[in-house]
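# Observations on chain architecture
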Amino acid sequence: MTFQFDQFASAIRAGGAITARDTLSLRQWVWGDGILSQSDAQALFELNSGAQSKDPEWIAFFTEALCEYVINGTDPKGYISEKDALWVIEGVDSDGRVDSAAELELLVRLSERATELPNVLKFYTLEQIERIIISGEGPTREGNSAPNSVTAAEAALLRRLVFASGGIAPLHVSREEADMLFRIKDACLNSENAPEWEKLFVQGVANHLQSFAAYAPLTRDRAQQLEGFMRNTSPSISRFFGRMAQLDLQAGFAEIFRSETPARDIEGETSAAAEVTLAEKGWLDAKLADRAGIDRYEAALLDFVAG
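Read on for a plain summary of the structure.

What counts and how
- Residues numbered from 1 in each chain as written.
- Predicted model: local features only at pLDDT ≥ 70, side-chain atom pairs only at ≥ 80, totals over all residues.
- Heavy atoms only, no water.
- Buried < 20%, exposed > 50% of the residue type's maximum accessible area, 1.4 Å probe, protein only.
- Helix = DSSP H or I, 4+ residues; strand = E, 2+ residues; numbered from the N terminus.
- Arc of directions from axis to C-beta.
- Contact = heavy atoms within 4.5 Å.
- Axes fitted to C-alpha atoms, helices over the stretch in contact; angles between N-to-C directions.
- Parallel < 35°, antiparallel > 145°, perpendicular 65-115°, else oblique.
- Left-handed = near helix turned anticlockwise from the far one by under 90°.
- Nonpolar A, V, L, I, M, F, W, Y, C, P; charged D, E, K, R; others polar.
- Expected span 1.5 Å × (residues − 1).
- Salt bridge = Lys/Arg side-chain N within 4 Å of Asp/Glu carboxyl O.
- Phe/Tyr/Trp six-rings, centres within 6.5 Å; stacked < 30°, edge-to-face > 60°.
- Polar contact = N/O pair within 3.5 Å; in protein donor to acceptor, adjacent residues only side chain to side chain.

### Observations concerning helix α1 (residues 5–13)
Within α1 the residues assigned to the buried category are Phe 5, Phe 8, Ala 9 and Ile 12. The buried side chains of α1 occupy one side of the element, clustering within an arc of 100° when seen end-on. Turned more than 90 degrees away from the buried face of α1 sit Asp 6 and Gln 7, all of them exposed. On its buried face, α1 sits against α2 (20–30) and α3 (38–50). Positive phi shows up at Gly 15, right after α1, with a value of about 105°.

Have a look at this one:
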């Protein structure tokens, strides 16, 4: 029997469930022509919000399809536009909060897969994870509604976020992220947190203090410019590449792409970054002075940094 999407959507709106078999049919329906349209993507959001229950296969499909649409649906591929970031937030926030595992996984996966995220989506995602931890309400809280506590699932999501390639500073924990880790630590200090949380707090804040952003991806605007340049087939571009072909390969590239910026000494920068600067020490001292005494998380952090 041919899959009837309209009938299926009506059943979901009436409180139906999405099974593994349904997900397979939806995969075939969505990717039948190899293209995911705006209306298709919107329909997936609506199905996710309306379904009474969902098979785990649905989460994988929902995340995969929407990541592909948002990240690679428009040029330059690999980037998320401000417009699409706001569209994602509107879809997730239609009921006022992240209330499904599929939505939460989508936000984290976008951070991991995109070359660069607009700030509005970066900070929205961090805010949602923090809100779930503080309130004790959200898709990570299966049978555990204790507020101000960090579960193993939440520690894992936070780790993926703060070290995400598309995060605020790729592979480097930013000041905003380190501030968030301290806020969560303070709010959850007297709770029974997952063991993974202390390790993440120490490693995350230490990364902020002792590492540097060795890799800075092209901005979306710059990537668009370069993509347009490479697609340009005007005579001037043809002459440019013709000139390159006539030059000695090594000398030609040196002449055409010469930069006044000296080569980076990554090893030297890494060693320098490992030393906590006065500004970083001032920030850390202010964080430690927020309460009387040093708690066990802070003690573990200081030992780690000193070691």
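### Side note on the packing of α2 against helix α4 (residues 56–72)
Packing of α2 against α4 leaves a shortest axis separation of 9 Å and a crossing angle of 20°. Taken as axis vectors, α2 and α4 run roughly parallel relative to one another. Relative to α4, the crossing made by α2 is left-handed. Contact with α2, carried on its side by Ala 20, Thr 23, Leu 26, Arg 27 and Val 30, involves Glu 57, Trp 58, Ala 60, Phe 61 and Glu 64 of α4 and no other residues of that element. Taken together, the residues of the contact of α2 with α4 break down into six nonpolar, one polar and three charged.

### With respect to helix α9 (residues 175–187)
In a regular helix each residue adds 1.5 Å, so 13 residues correspond to 18 Å; α9 covers 18 Å between its end C-alpha atoms and thus fits that length. Those residues of α9 that fall on the buried side of the exposure criterion are Glu 177, Ala 178, Asp 179, Met 180, Leu 181, Phe 182, Ile 184 and Lys 185. Those residues of α9 that are buried lie in contact with α7 (119–135), α8 (152–162), α10 (195–210), α15 (278–288) and α16 (296–306).

### Some details on the packing of α9 against α10
At a minimum axis separation of 9 Å, α9 and α10 run at an interaxial angle of 150°. The orientation of α9 with respect to α10, classified from their angle, is roughly antiparallel. Relative to α10, the crossing made by α9 is left-handed. Contact residues: α9 offers Arg 175, Ala 178, Leu 181, Phe 182, Ile 184 and Lys 185, while α10 offers Trp 197, Phe 201, Gly 204, Val 205 and His 208.

### Regarding the pattern of salt bridges
Any two side chains of opposite charge can pair, given that their charged atoms come close. Taken as a whole and assessed by the stated rule, the structure comprises 13 salt bridges. Arg 141 is the partner of Glu 154 in a salt bridge, and the nearest nitrogen-oxygen pair spans 2.6 Å. You can see Glu 154 sitting in helix α8 and its partner Arg 141 sitting in the loop between α7 and α8, a full 13 residues away along the chain. Under the relative-accessibility criterion, Glu 154 is labelled buried at 1%. A salt bridge links Lys 185 to Asp 295; the shortest N-O distance between them is 2.9 Å. On the criterion of sequence distance, the pair formed by Lys 185 in helix α9 and Asp 295 in the loop between α15 and α16 is long-range, its members being 110 residues apart. Here Lys 185 matches Asp 295 in class, with each residue buried. Within the structure, one salt-bridge network assembled from shared partners comprises Lys 185, Asp 186, Asp 295 and Glu 298.

### Notes on the packing of aromatic side chains
By the definition in use, this model includes 10 aromatic pairs. Ring geometry for Phe 45 and Phe 62: centres 5.5 Å apart, planes at 80°, overall edge-to-face. With Phe 45 in helix α3 and Phe 62 in helix α4, this residue pair connects regions lying 17 residues apart in the sequence. Of the two residues examined, Phe 45 and Phe 62, each falls in the buried class. Pairing Trp 58 with Phe 62 gives two aromatic rings, centres 5.6 Å apart and planes at 35°, and the pair type is tilted. Of this pair, Trp 58 and Phe 62 both sit in helix α4, separated by four residues, roughly a single helical turn. When its relative accessible area of 0% is taken as the criterion, Trp 58 is described as buried. Judged by relative accessible area, which is 0%, Phe 62 ranks as buried. Members of the aromatic cluster, connected to one another through ring pairs, are Phe 45, Trp 58, Phe 61, Phe 62, Tyr 69 and Trp 87.

### Things to note about the side chain of Asp 295
Judged by its relative accessible area of 8%, Asp 295 falls in the buried class. Side-chain polar atoms of Asp 295 contact the side chain of Lys 185, separated by 2.9 Å. Filtering out sequence-adjacent residues up to four positions away, Asp 295 remains in contact with Lys 185 and Leu 189.

### With respect to unusual backbone geometry
Asp 75 connects to Pro 76 through a cis peptide bond whose omega is -5°. Mapped onto the elements, Pro 76 comes out in the loop between α4 and α5 (82–92). Positive phi is not limited to glycine here, since Asn 148 has a value of about 50°.

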